[in-house]
Structures are given as structure tokens and as C-alpha cells.
Amino acid sequence: MSPHPCILAPSILAANHTRLAEGFQIIAEAGLPWVHLDIMDGHFVPNLSFGPQVVADLRPLGKQYFDVHLMLDNPHLYVEAFAKAGAQSITIHTEPDYPIEQTLEHIRALGCEPAICINPHTPAEDLLPYLHHVHMVLLMSVQPGFGGQSFQSNVLDKISQVDLWRKEMSLDLRIEVDGGINIETARLCRERGADTFVAGTAFFKAADKKQFVRDICGQ
Ligand code: DX5
Ligand code: ZN
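Summarised in this report is the structure supplied together with it. (Residues numbered from 1 in each chain as written. Chains lettered and ligands numbered in written order. Predicted model: local features only at pLDDT ≥ 70, side-chain atom pairs only at ≥ 80, totals over all residues. Heavy atoms only, no water.)

**A few points about the layout of surface pockets**
Of the voids in this model, the largest pocket is the one considered here, and its volume is about 320 Å³. Gly 147, Gly 148, Gly 179, Gly 180 and Gly 200 are, among the 26 residues lining the largest pocket, the residues nearest its centre. At the level of elements, strand 2 (34-40), strand 3 (65-71), strand 8 (196-199) and helix 7 (201-205) are the ones that each hand at least two residues to the lining of the largest pocket. Here the lining of the largest pocket is built from residues that sort into 13 nonpolar, eleven polar and two charged. (1 Å grid on protein atoms, 1.4 Å probe; cavity = no way out; pocket = protein on both sides within 12 Å on 5 of 7 lines; lining within 4 Å. Points joined across faces, edges and corners; volume = space filled by probe spheres on them. Helix = DSSP H or I, 4+ residues; strand = E, 2+ residues; numbered from the N terminus. Nonpolar A, V, L, I, M, F, W, Y, C, P; charged D, E, K, R; others polar.)

**Quick notes on helix 6 (residues 183-190)**
Among all positions in helix 6, only Thr 185, Ala 186, Cys 189 and Arg 190 are buried. Along the axis of helix 6, the buried positions cluster into a sector of 140°, meaning they face one direction only. In the core, the buried residues of helix 6 are packed alongside helix 5 (155-168), strand 7 (174-178), strand 8 and helix 8 (209-216). Of the residues flanking the start of helix 6, the one acting as N-cap is Asn 182, its side-chain oxygen 3.0 Å from the backbone nitrogen of Glu 184. (Buried < 20%, exposed > 50% of the residue type's maximum accessible area, 1.4 Å probe, protein only. Arc of directions from axis to C-beta. Contact = heavy atoms within 4.5 Å. Polar contact = N/O pair within 3.5 Å; in protein donor to acceptor, adjacent residues only side chain to side chain.)

**Notes on the state of the cysteines**
The full count for this structure, using the stated rule, is one disulfide. Between the sulfur of Cys 6 and that of Cys 217 lies a disulfide, 2.0 Å long from S to S. A torsion of -75° about the S-S bond marks the disulfide between Cys 6 and Cys 217 as left-handed. Of the two residues, Cys 6 is situated in the segment before strand 1 (7-10) and Cys 217 in the segment after helix 8; the sequence distance between them amounts to 211 residues. In this structure Cys 117 is not part of a disulfide, and its nearest cysteine sulfur, from Cys 189, lies 13 Å away. Free of any disulfide, Cys 189 has its nearest neighbouring cysteine sulfur in Cys 6, separated by 11 Å. Taking relative accessible area as the criterion, Cys 189 reaches 0% and is therefore assigned buried. (Disulfide = S-S within 2.5 Å.)

**As for the coordination of the zinc ion (ligand 2)**
Donor atoms from the polypeptide that bind the zinc ion (ligand 2) are His 36 (NE2), Asp 38 (OD), His 69 (ND1) and Asp 178 (OD), placed at 2.0 to 2.3 Å. Coordination at the zinc ion (ligand 2) is octahedral: its six donor atoms span angles of 68 to 172° at the metal. Counting residues between consecutive donors of the zinc ion (ligand 2) along the chain gives the motif H-x1-D-x30-H-x108-D. Taken as a pair, Asp 38 in strand 2 and His 69 in strand 3 lie far apart in primary sequence, 31 residues in all. By the burial criterion, Asp 38 is buried, and His 69 matches it. (Donors = N, O, S within 2.8 Å, 3.2 Å for Na, K, Ca; no water. Tetrahedral: all angles 85-135°; square planar, octahedral: opposite > 155°, others 65-115°.)

**Let's talk about the side chain of Asp 195**
Structurally, Asp 195 is set in the loop between helix 6 and strand 8. You can call Asp 195 buried: its relative accessible area is 1%. Within the structure, Asp 195 has its side chain in polar contact with the side chain of Arg 166 (distance 2.9 Å). Residue contacts for Asp 195: discarding those within four places in its chain leaves Ser 2, His 4, Pro 5, Cys 6, Ile 7, Arg 166, Leu 173, Arg 174 and Ile 175.

As C-alpha cells, then:
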């Protein structure tokens, strides 16, 4: 189990994009401390979502921690814009070709917490050069681009591996899992050391959102 308290970060991508403020309100009314914001460029992932202006417009609506997930080919070109828009954590992927370590340090210099992410087919070993530079590892349990996909269970061994590295290297690190998270898949991930969960579809579909959060965190 993780040393970190369990957190659910609803993905606002699953809300109605003409009424994102309402989606934000639903998250706030459930008393949740984090919001996950999926930023997509239509190139690194085959979908487009929203940009810094939307994040900036959501910022004044509450004090929630903005967990911004950059699914971009050139995230280094955008970290400043998202930091200025009000991000508190900025997650970048290992797969595209850009100066990853420098970008993580730039995120930190901007006053945000840096995080690193790998896709389902990327080996956990690709995270190793960055573990000392981040506050969180995001492990994708779907191929990024869309909400509502099915959980890919090959993420489970990666959670165990990152949890082992966290212990061996005494890293103060959150392990976040993103994609197809529901009560059952969250349990499987929690048992292996995950402590931070992104849920879009399942959260917004849940009739009792406060009970859903308790179930996701096994409370
Ligand atoms: C997928 C995004 C996820 C997604 C999660 O590209 O990174 O955050 O919105 O949505 P669900 O929970 O519906 O899989
Ligand atoms: Zn995401």
C-alpha cells in the first residue's frame, strides 16, 4: 500500500464541454481536492480538448488542485502558459522527442510540481531517469486520447514496479493511474501501491459521488 493518502482526481474531459463550469461545480460539491485536466494536441493523441484559456477561466471557480496532463508532442513549448493559467501539477510524457529533464526542471522553476507519464506500451524502465525530478508518476491504463475506454491490466505490473522503486530509493512519489478507472480497477491498482486515481466517465456517471470516492479509495 502507498504512504500517500488516496486521492481521486476527476477528469473534466468527461464533462459537457459547453458547461465545464458545471462539471467543475459537481467535482467541488463532491468535496474533491483535485481536478484532472486533459490537454490534447490532435497529434501526440488523436483528439483535441482545450487549452490554457479554459484552464485560466476555470481557475477562479475554486481552490482545487489543478492536475494538468499534457498529451502534447511539444509540451516544453506550453508549460509556461499552463503554469500561468493556474496549473499546480503539470504532467508530461516520455514518448515524444523533446528535452524531458529540462522541461521537468522548468515546470518546477515555474512554481508547479512536475510529473512524468508513460503510455500502456511504454516500459516502466523509461521512467527511471526522471524519478528524482517528479512528485508523481502517471501510468496510463488506456491509450490516451479519449475517455470511456476499457482498463488495460498490463498497467498493474508497472504499478508494482514503480512502488518497488519508490521504496528502494525512498522517493516521496505519488503513483497516479489514468484510464478506465472504476471501483474494481481502482482496487486492483491500490493493492499494488497506486494512491492517485483519474476517473472521468465513471465519476460523472456515479449517482452518489461521495460514495464513489469512498469506494475508489477503499474507505
Ligand atoms: C485519456 C485521458 C484520461 C481520461 C479518463 O486520454 O488522459 O484522463 O479522460 O477518462 P475515463 O475515466 O473515462 O477513462
Ligand atoms: Zn489524463
